[in-house]
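Per-entry structural report
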Amino acid sequence: MKIKQISYPHPVLASFNDDYLQSNFEPSIDFEIGDKSTTFKVTYDLNNKGIENLIASGKAVYVTHLECESSMYRQAFSSTEVSFQFEVSNRKLAKQADVTFMIVATSKIKNYVNDLLHEDYEGISIEFNKGSYIAVNQGGALILEKDPLVPTKSIFNILPSDEKEAPNYEVRLNDHTISVILPRDTYEIVEDLSRREEVNSLLVSIYYLPALMEALSLIIDEETDGNFEEYDWFKSLQIHLQKMKLNETRVKELGLATVANIIFAETSDKAVKSLSSIYL
Amino acid sequence: MTHLYMNQKKYLDLQQQIKENLQLYSSDDTWLAGELNIKETNRAGLIVTDQSNRSADDLFNAIAIHKRYIDLPYALASDGNFWTLLTHTEYWDYMRARWPVEEAQQDQVKYIGRRYFFKDKGRARNGLARLWWFAELSYDDNLEDPYYYTELMLQDQDLAGQIIENTYLSRNKFALKALFKMLDFISEQENTGRIQEVKGTKRRELIREAAQYFNLVGAVELWDILSIDEAGNKLEQWVEKYLVGLGMYIPEKVY
């Protein structure tokens, strides 16, 4: 569940609007992975007396919403306490969980007033339904698994093409793996070569790096059409980038070739070394 | 030893070789179980009792496979490799009975990709994964019969398919239960003759619109804070207006 930066039909305390003055809602979350379950500890830092009073009087609650896109798990956990913890069975969690926070009305609230509301709301009758968001925080992604993702290479696949007019090199991204398609005869040579340890890094440089760059361009391109987010390669690379603390802006600054090389952990160095081992 | 995965390369190769292996998919013997030395057979006890109505046992089978793999981690249950291994080995006999390749209406390669592998909405299409996810999505251990909603869902295969393929309904147990409340309301209205029967395309469209409404409201309100009855009532109010808009209400006779 993503908190969208929309105009709500009622005032909502959020960092992306100015419905309230001198107020904020900044939760923090930590987690500990146990044998069977993961414990999440949330602390809600709320700075708005009027909303705090709503919670104290039971008219509103803090909610943490947890969702794992790939495992289809989602659940909302509510509390009236500033510090709160809950457990989720490990079997329901995937490598990444998206977390959002909110304060939600638990009953209908009529004639709502708050001293810190923006002056635009002056004289306007405000009403919340049961379930209406009073405050939201967009949260973020929690990387739950310490182990590396599926080894990078496993999201790649090289396939032969028997088509007469097959291009010399083609990348397909419309499946769970990033597929590099080569004409059958080239493919057979590459397959033979790949059995030799010393040329593996070269093959990665020649065939996987350009494909990875193309895949990365889809991840950072907000205008991309298609449902690539559902594919394993997309999720895997997204987590990889998050682990390396590379957001879209940083990827654009560094350039796709550099980032692709970082992901393959200095493949180009190894490629040069393997070239030396062959020719020098 | 129970195998959970195939070697990733083997898995990818198998997917690429459907065409070459086409004949093997018509065989009653599983070649892969032999190759991988997998001896287990149908531990969930899946059945196909009526060849002229192969979906008749889907409810029984969904519960059976869910009970057998009740602790299955979601990451594994969403992994094509796991289900592909099972369809090609331990549950080959069941797959041959329920999803015989000879019955593919068009492209056999695509049919195998969907039913034996995990291609195109794998959770909804793979012959085994779909059963497990039907049960998992509707399972509620707070109920006396935890599979109460599974039964409701699989009474109507079309509805079950629509739910599992809808990204909103398939990951929101709360929405699913509220949807069943709404469907109960519609049945009641149909049975008392207040509305015309909602069926076929109209029913599919209604469920799609209900999911959209659920999603839309969810942008400003949190459904989960409501009780199921409250959520059901809210959907009923929406569906009443929706059906009025479609002209489905039958005017009451004035005597």
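Residues numbered from 1 in each chain as written. Chains lettered and ligands numbered in written order. Predicted model: local features only at pLDDT ≥ 70, side-chain atom pairs only at ≥ 80, totals over all residues. Heavy atoms only, no water.

Taken together, the contact pairs 32 residues of chain A with 28 residues of chain B. Three residues stand out in chain A for area buried against chain B, namely M72(A), R91(A) and K130(A), and they jointly supply 32% of the buried area on that side. Joining chain A to chain B, the criterion identifies 3 salt bridges. With a shortest N-O distance of 3.0 Å, D224(B) and R74(A) are connected by a salt bridge. Taken together, chain A and chain B are joined by 11 residue pairs in polar contact (both at pLDDT 80 or more). Contributing elements (two or more residues each) for the side of chain A that touches chain B: β5 (60–68), β6 (73–79), β8 (96–105) and β10 (156–161) of chain A. It is β6(A) that provides the largest number of residues to the side of chain A that touches chain B, a total of 4 residues. (Contact = heavy atoms within 4.5 Å. Buried area = accessible area lost by both parts, 1.4 Å probe. Salt bridge = Lys/Arg side-chain N within 4 Å of Asp/Glu carboxyl O. Polar contact = N/O pair within 3.5 Å; in protein donor to acceptor, adjacent residues only side chain to side chain. Helix = DSSP H or I, 4+ residues; strand = E, 2+ residues; numbered from the N terminus.)

Further remarks concern the packing of helix α12 (residues 173–191) of chain B against helix α14 (residues 228–246) of chain B. Residue and element names in this part refer to chain B. Their axes nearest at 8 Å, the elements α12 and α14 cross at an angle of 55°. By the criterion of interaxial angle, the relationship of α12 to α14 is oblique. The crossing of α12 and α14 is right-handed. Of the residues in α14, those in contact with F174, K177, A178, L179, K181, M182, F185 and I186 of α12 are I228, D229, A231, G232, L235, E236, W238, V239 and E240. Grouping the amino acids of the contact of α12 with α14 by side-chain chemistry returns 11 nonpolar, 1 polar and 5 charged. (Axes fitted to C-alpha atoms, helices over the stretch in contact; angles between N-to-C directions. Parallel < 35°, antiparallel > 145°, perpendicular 65-115°, else oblique. Left-handed = near helix turned anticlockwise from the far one by under 90°. Nonpolar A, V, L, I, M, F, W, Y, C, P; charged D, E, K, R; others polar.)

What helix α6 (residues 256–263) of chain A keeps buried is the set V259(A), A260(A) and I263(A). In an axial view of α6(A), the angular spread of the buried residues amounts to 100°, which keeps them on one side of the axis. (Buried < 20%, exposed > 50% of the residue type's maximum accessible area, 1.4 Å probe, protein only. Arc of directions from axis to C-beta.)

With that settled, the discussion passes to the side chain of D58(B). Tracing the chain through its elements places D58(B) in helix α3 (residues 58–68). Setting aside residues up to four positions removed in sequence, D58(B) forms contacts with Y94(B), R98(B), R130(B), L131(B), L154(B) and Q157(B).

Summed over the entire model, instances satisfying the criterion amount to 29 aromatic pairs over all chains. Aromatic pair Y69(B) and F82(B): ring centres 6.3 Å apart, planes at 90°, arrangement edge-to-face. Linking Y69(B) in the loop between α3 and α4 (74–77) with F82(B) in helix α5 (residues 80–88), this pair joins segments that are 13 residues apart in sequence. The class for F82(B) is buried, based on a relative accessible area of 3%. Each ring, one from W238(B) and one from Y242(B), has its centre 5.1 Å from the other, and the planes form 25°; the classification is stacked. Of this pair, W238(B) and Y242(B) both sit in helix α14, separated by 4 residues, roughly a single helical turn. We classify W238(B) as buried; its relative accessible area is 16%. Following the ring pairs from residue to residue traces out a cluster consisting of F31(A), F40(A), F77(A), F84(A) and F86(A). (Phe/Tyr/Trp six-rings, centres within 6.5 Å; stacked < 30°, edge-to-face > 60°.)

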